[in-house]
Structures are given as C-alpha cells and as structure tokens.
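Chain residues, written in single-letter form:
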Amino acid sequence: MAYKVPFVDARKHYATYKKEIDGAIIGCLENGDLIYRQQLKTFEENLASFVGTKYAVGLNSGYHALHFSLLAAGIGPGDEVITVAHTFVATISAIVHCGAKPVLVDVGRDYNINCDLVEKAITSKTKALLPVHLNGRISDMGRIMKIAEKYKLAVIEDSAQALGAAFDGKRAGSFGAAGCFSFYPFKILGCFGDGGAVTTNDPAVARAVSLLRFNGEDRETGEYHYHGYTALLDNVQAAVLNVKLTRFFPKWVEHRRKVAALYHEGLRGVKQIQIPDFPGKSFHDVFQNYVIRTADRDALRAHLKSSGVETLVHWMKPVWEHKALGLGNPALPETAAICKEVISLPMSAETTPEQVETVVNAIKDFYKR
Ligand SMILES: *Cc1c(COP(=O)(O)O)cnc(C)c1O
C-alpha cells in the first residue's frame, strides 16, 4: 500500500540529489577507485572535522564501530560495560562479542541513559560506560564524563543516531575514547548500503581500529598485528557520504529541527501524548527520530495507518525478552513501559510541512473520537 505520508522516502531522496550522487559514484567507477582510495580518506577527514576529533576511521557498519572501539579500549573477558537496554541490539552484541558482560541500566524520560543509576551499577569489573545517544539527542555527557573520570572508566559513545547532536556546543562522538557512527540508509547521514565510522582523538585507538578493519594488517609494513576483520567502509559509499556530508547535511539537520518544531506546535495541546520536547539548554537535538509516547499506542498506530500515515516502533519488546540472547532479566521499568508506549512518526530530510499537518490532524482526529 502506498502511504500518503511514508516514514521515509528513499526514492524521493535519490531523485533530489541524483546529480551529485551519480557524480560521486561514477567518479569512483571510471577511475577504478574501489578500495581505500582518496574518496575514503577525504570523507574521514571531513567527518573528523565535523565531529570535532583528530581522527575518523571508515568502517562497514555501526556495529563494527562499536566492536572495534571496545577492543581498542582493551575490553575483554571478565570486564563489565555499562549501557542501556533501550537501544538497537548491536550496541549490546558488540560488548558480548568482546567476551565482556553488558550491564544494562534504565533510561530517563528523554530515552537516554539515566545517570542517577550509573554509579550504582559500577563494580570492580566495570571498565567502560557506553551511553547511547538515541533519536538524535545526546546523553548528559557532563554527568557521564564526571562519573567516568571518578571511576577511571573508558567512555564509548554510541552516536549511530546522533551525528550533529551536541552537549554544551561539543558534538556527539567527541567526548569519549571513541564515537561510533552508522551510515545505514535511514540514519541521519545514510549511504546506499551499510557503513559506519569511529571518531577519536586518541592516535592509538585510531590505529587499532584502522588495523582491525584490514584483517589486522599494517598496509605500510605488511605486518599483521591482530586477528582482524574485513570491515572497511566501501570507497564508493565514502564518495557518496562525502558529498552528502559536505554539501547537504547541515541543511538536513536544520530541516529536521523545523519538522520537529512543527510537530511540537501541532501536538503540544494533545494531552494524551508526550512529545519529545525535552528541557536542557545544553542539548542540541538533531531528531534522527520523532518519537511520541502514549498509553493508546496500538490503537493510535492502527488509526494512523488507516489514515495513510506510516509509523514505526523501536522496539516492540525489551531486548532481554529475546531469550536466545541470554541477557537475564535486568527488570528496567522505564524501558519496559517505553516498549508499549512509543511510536516514531515520519521524519526525514524529505518530510514536508504538509505531511506533518496530515499526521498531526490524524492524531487529533483519533483523540476527538
Ligand atoms: C543503527 C544503530 C547501530 C548499528 O548500526 P549498523 O550500521 O546498522 O550496524 C547501533 N546503535 C544504534 C543506536 C543504532 O541506531
């Protein structure tokens, strides 16, 4: 079924930027620039400078950005890493694949890690904090960095949903030992397949991640330093990402913030729903997602669908209820409640004010009946 308001519109996105995107791709193909060429190096430089770090290392996914960052921080068997359960499963899998134990804590009203709960979760085995900046809002990095300093913990930022988000003017991915980004097509900066990157100010982290993505090999000397992985960001994807980042991305962030403001304005009076208009002057939100919360989630979602509005739910049940993952039951009440109450409304660089109006009217119509 064709939605009147699709959640995102990949075809419209491509049609809008076709000239620049085709130019980037054809440039690589005509020159045979396929693996680790100048396009990737240029994108890494521009990404590092945008985030505000010395280095950025292109990888084939956000998952590998997390896994390699943890490995580079020395996380291994016997270690504990504190993170949230209200996240994409890759955050937690990366910890498990290092042989470490994920210690899951609850989130606050803004869907990010509840800093009041972090200190209580620290044990003698804790080695790192892994805050997730969800939906385009950065975690409270002021408090997280203070706790990390006090207990001498590494900080790895899951910034997969937060490129451009900032705390006190400093961007996501520039606070900790490493920032982890994903360029999955529907992330705020997306490529045409899978992609990711690590940002860091630490030359040792940058080097470890660079070697891990290349099967452990130092390409200058031919020496293998690790049993590594094949996990480089494709050169063609990097060429596309570079065009998007340098020519369009800041405009897209402004657009998303305008769309969010229109949603806020339209929905503020609907008392049955909570809108993601969170307080805090220190926070600059980029609205990867526009998530509302309501007790009538499933009925409202069905009504929106019948009104031609496509929505998504992240996530239908808490990650620990997927028994095969062996996460036990951390009993996190806010996370469990969120899974029953959230809906993500259409939000992208292509979302129009008219579409927002259609969504807002459909929601108001639902509560009038
Ligand atoms: C998308 C995402 C990831 C993983 O990214 P991939 O590129 O799909 O591997 C990790 N964490 C969060 C919060 C994400 O949204």
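Residues numbered from 1 in each chain as written. Predicted model: local features only at pLDDT ≥ 70, side-chain atom pairs only at ≥ 80, totals over all residues. Heavy atoms only, no water.

Student: I'd like a description of the overall build of the protein, backed by residues and values.
Tutor: A tally of helices and strands in the protein yields eleven helices and 13 strands. In summary, the protein has a C-alpha radius of gyration of 21 Å against a globular reference of 21 Å for 369 residues, a match within 12%. In terms of overall dimensions, the protein has a C-alpha envelope of 70 × 55 × 40 Å along the principal axes. Out of the 369 residues belonging to the protein, those deemed buried represent 56%. (Helix = DSSP H or I, 4+ residues; strand = E, 2+ residues; numbered from the N terminus. Rg over C-alpha atoms; globule rule 2.2 N^0.38 Å. Buried < 20%, exposed > 50% of the residue type's maximum accessible area, 1.4 Å probe, protein only.)

Student: Tell me what's going on with the nonpolar core, and back it up with residues and numbers.
Tutor: Grouped together as the largest cluster of nonpolar side chains are 64 residues, with contacts concentrated most on Phe43, Leu47, Leu163, Phe183, Leu189 and Phe249. Breaking this core down by element, the ones donating at least two residues are helix H1 (10-31), helix H2 (38-51), strand S2 (80-84), strand S3 (101-105), helix H5 (118-121), helix H6 (141-151) and helix H8 (235-267). Top element by residues in this core is H8. It accounts for ten residues. (Core = buried A, V, L, I, M, F, W, Y, C linked by side-chain atoms within 4.5 Å.)

Student: Give a detailed account of the pairing of strand S9 (residues 196-200), specifying residues and quantitative values.
Tutor: A large share of S9 lies buried, amounting to five of its five residues. On S9, burial covers both faces: Gly196, Val198 and Thr200 on one face and Ala197 and Thr199 on the other are all buried. The pairing of strand S1 (residues 55-59) with S9 spans five bridges and is antiparallel. For Ala56, the partnering residue across the bridge sits in S9 and is Thr199. (Pairing = 2+ DSSP bridges.)

Student: Now, about the pairing of S3: what can you tell me, with residues and values included?
Tutor: With four of five residues buried, S3 lies mostly within the body of the structure. As defined by bridge partners, S2 adjoins S3 across five bridges and the pair is classed as parallel. Each residue of the ladder has a partner; that of Val81, found in S3, is Pro102.

Student: So, the domain arrangement of the protein: which residues are in play, and what are the values?
Tutor: On domain assignment, one finds that the protein holds domain 1 (10-247) and domain 2 (249-368). One C-alpha centre belongs to domain 1, the other to domain 2, and the line joining them spans 24 Å. Taken together, the contacts link 42 residues of domain 1 with 35 residues of domain 2. When the two sides are added together, the surface that domain 1 and domain 2 hide from each other amounts to roughly 3,400 Å², 61% of it contributed by carbon and sulfur. By the criterion of area lost to domain 2, the three top residues of domain 1 are Tyr111, Arg137 and Ile188, representing 21% of everything that side buries. Applying the counting rule to domain 1 against domain 2 returns two salt bridges. (Domains from an automatic or database assignment. Contact = heavy atoms within 4.5 Å. Buried area = accessible area lost by both parts, 1.4 Å probe. Salt bridge = Lys/Arg side-chain N within 4 Å of Asp/Glu carboxyl O.)

Student: Describe the environment of Arg207, naming the residues involved and giving the relevant values.
Tutor: For Arg207, the position within the fold is in helix H7 (residues 203-212). Judged by relative accessible area, which is 39%, Arg207 ranks as partly exposed. Apart from the residues within four sequence positions on either side, Arg207 is in contact with Asp218 and His225.

Student: Please set out the site of the ligand residue by residue, giving values where relevant.
Tutor: If you check the shell around the ligand, you find 14 residues, and the closest are Gly62, Tyr63, Asp158, Ser182 and Lys187. Separating an oxygen atom of the ligand from a backbone N or O atom of Gly62 is a distance of 2.7 Å. Note that an oxygen atom of the ligand is positioned 2.7 Å from one of the side-chain N or O atoms of Ser182. Protein burial of the ligand: of its 380 Å² of free accessible surface, 92% is covered by the chains. Considering every element that reaches the shell around the ligand, the biggest residue donor is helix H3 (residues 62-72), with three residues. Considering only residue class, the shell around the ligand consists of five nonpolar, seven polar and two charged. (Near = heavy atom within 4 Å. Polar contact = N/O pair within 3.5 Å; in protein donor to acceptor, adjacent residues only side chain to side chain. Areas by Shrake-Rupley, 256 points an atom, 1.4 Å probe, with all protein chains shown as cover. Nonpolar A, V, L, I, M, F, W, Y, C, P; charged D, E, K, R; others polar.)

Student: Tell me about the packing of aromatic side chains, and please be specific about residues and values.
Tutor: Per the counting criterion, the structure on display carries 15 aromatic pairs. Plain terms: the ring middles of Phe167 and Phe175 are 6.4 Å apart, the flat faces sit at 65° to each other, and that makes the pair edge-to-face. Ring geometry for Phe366 against Tyr367: centres 4.8 Å apart, planes inclined by 85°, an arrangement best described as edge-to-face. In this pair, the class of Phe366 matches that of Tyr367, namely buried. (Phe/Tyr/Trp six-rings, centres within 6.5 Å; stacked < 30°, edge-to-face > 60°.)

Student: Describe the sheet that holds strand S4 (residues 126-129), and please don't skip the residues or the numbers.
Tutor: On the basis of which strands lie adjacent, the open sheet formed by seven strands has the order S1-S9-S8-S5-S4-S2-S3 and mixed pairing. In the strand order of this sheet, the two ends are held by S1 and S3, each with one partner. Within the sheet, the average angular offset between the axes of one strand and its neighbour, ignoring direction, is 25°. Relative to S9, strand S8 (residues 178-182) runs antiparallel, the two being bridged by four bridges. Bridge pairing in S9 places Cys180 opposite Val198. Against the sheet, H2 touches S1, S8 and S9, its axis set at about 130° to S1. Contacting S1, S8 and S9, H7 crosses the sheet at an angle of about 15° to S1. (Axes fitted to C-alpha atoms, helices over the stretch in contact; angles between N-to-C directions.)

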